[in-house]
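Each chain is listed here by its residues.
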Amino acid sequence: MEIERKYLIHNLPDQYKTYPCKEIEQGYLCTSPVVRIRKSDDEYSLTYKGFGLMIREEYNLPLTKEAYEHLRPKTDGILIRKMRYYIPYGSQYVIELDLFLDALAPLVLAEVEFPTKEEADRFVAPDWFGEDVTFETKYHNSTLSRKNQAVSQ
């Protein structure tokens, strides 16, 4: 089960480049339900995500590089490329700060995952976070992957 909140970011935090970072490429074989392939540095995975906004089922399976490369041309829409920074927040959270590249630049989103719905509901975002877009499907990566998808910031 994935429980996560998502926020628009208009002003990047100071020193974000000092945190661990991965280059991510992902594409969608299906967007309803979500079936995604992802390359994160040199790791490859296939993910199924059920329906929902803040809370939904999620299953991750490892892929080989060869399997990823076989599935890559089968994705619909654009391949999403982004730089993901992992920023500790408080004693228990990690902010995943995504700076989108290519056609989706200069979009920046932050996600925070939680162990329970109650924690997600109580979460107080840092001052540099913008609007909470958790319940806006236009900011789901699967929606962003659709060709000609315009997102206003």
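Our structure is the block above this text.
These notes cover the structure that comes with them.

### Let's talk about the overall build of the protein
Looking only at helices and strands, the protein features three helices and nine strands. Along the protein, helices and strands appear, N-terminal first, in the series β-β-β-β-β-β-α-β-β-β-α-α. In terms of overall dimensions, the protein is globule-like: its C-alpha atoms have a radius of gyration of 15 Å, near the 15 Å expected for 153 residues. Based on the C-alpha atoms only, the size of the protein along its principal axes is roughly 40 × 30 × 30 Å. Within the protein, the fraction of its 153 residues that count as buried is 42%. Intrachain contacts of the protein at a sequence separation of at least 6 include 58% that bridge at least 24 residues. A total of about 8,400 Å² of accessible surface is found on the protein, and carbon and sulfur atoms cover 50% of it.

### Focus on the sheet that holds strand E7 (residues 76–89)
The nine strands lie next to each other as E5-E1-E9-E8-E7-E2-E3-E4-E6, forming an open sheet whose pairing is antiparallel. At either margin of the open sheet sits one strand with a lone partner, and together these are strand E5 (55–56) and strand E6 (58–63). Relative to strand E9 (residues 108–113), strand E1 (residues 2–8) runs antiparallel, the two sharing five bridges. Each residue of the ladder has a partner; that of Arg-5, found in E9, is Val-112.

### Thoughts on the side chain of Arg-56
Its place among the elements puts Arg-56 in strand E5. Assessed through its relative accessible area of 10%, Arg-56 is described here as buried.

### Some words on the packing of aromatic side chains
On inspection of all chains with the given rule, the structure shows 10 aromatic pairs. For the pair Tyr-7 and Phe-123, a centre-to-centre distance of 6.2 Å together with 50 degrees between the ring planes defines the contact as tilted. In this pair, Tyr-7 is assigned in strand E1 and Phe-123 in the loop between helix H2 (117–122) and helix H3 (141–144), connecting sequence segments 116 residues apart. Taking the centre distance of 5.1 Å and the plane angle of 65 degrees together, the rings of Phe-114 and Phe-123 count as edge-to-face. On the basis of relative accessibility, which here comes to 7%, the residue Phe-114 falls in the buried class. Three or more aromatic residues joined by ring pairs make a cluster, and in this case those are Tyr-7, Tyr-89, Tyr-93, Phe-114, Phe-123, Trp-128 and Phe-129.

### What about the pairing of strand E8 (residues 93–100)?
Extensive coverage of E8 is indicated by the burial of seven of its eight residues. Inspection of the sheet shows E7 paired to E8 by eight bridges, in the antiparallel sense. Bridging from a neighbouring strand, Tyr-86 pairs with Glu-96 of E8. The turn linking E7 back onto E8 is made up of three residues, and Gly-90 within it adopts a positive phi angle of 65 degrees. Bridge count for E8 against E9 is five bridges, and the pairing is antiparallel. For Leu-99, the partnering residue across the bridge sits in E9 and is Val-108.

### Details of the environment of Lys-117
As for its position among the elements, Lys-117 is in helix H2. Lys-117 sits 113 residues away from Glu-4 along the chain, and the two C-alpha atoms are 8.7 Å apart. Here Lys-117 is in contact with Ile-3, Met-54 and Ile-55, once residues within four sequence places are set aside. Polar side-chain contacts of Lys-117 include one of 2.6 Å to the side chain of Asp-121.

### Structural notes on the pairing of strand E2 (residues 21–31)
Direction of pairing for E2 relative to E7: antiparallel, over a ladder of seven bridges. Residue pairing across strands places Cys-21 opposite Tyr-85, the latter belonging to E7. Relative to strand E3 (residues 34–40), E2 runs antiparallel, the two sharing seven bridges. Note that in E3 the partner of Ile-24 across the bridge is Ser-40.

Conventions and cut-offs
- Residues numbered from 1 in each chain as written.
- Predicted model: local features only at pLDDT ≥ 70, side-chain atom pairs only at ≥ 80, totals over all residues.
- Heavy atoms only, no water.
- Helix = DSSP H or I, 4+ residues; strand = E, 2+ residues; numbered from the N terminus.
- Rg over C-alpha atoms; globule rule 2.2 N^0.38 Å.
- Buried < 20%, exposed > 50% of the residue type's maximum accessible area, 1.4 Å probe, protein only.
- Contact = heavy atoms within 4.5 Å.
- Areas by Shrake-Rupley, 256 points an atom, 1.4 Å probe, with all protein chains shown as cover.
- Pairing = 2+ DSSP bridges.
- Phe/Tyr/Trp six-rings, centres within 6.5 Å; stacked < 30°, edge-to-face > 60°.
- Polar contact = N/O pair within 3.5 Å; in protein donor to acceptor, adjacent residues only side chain to side chain.

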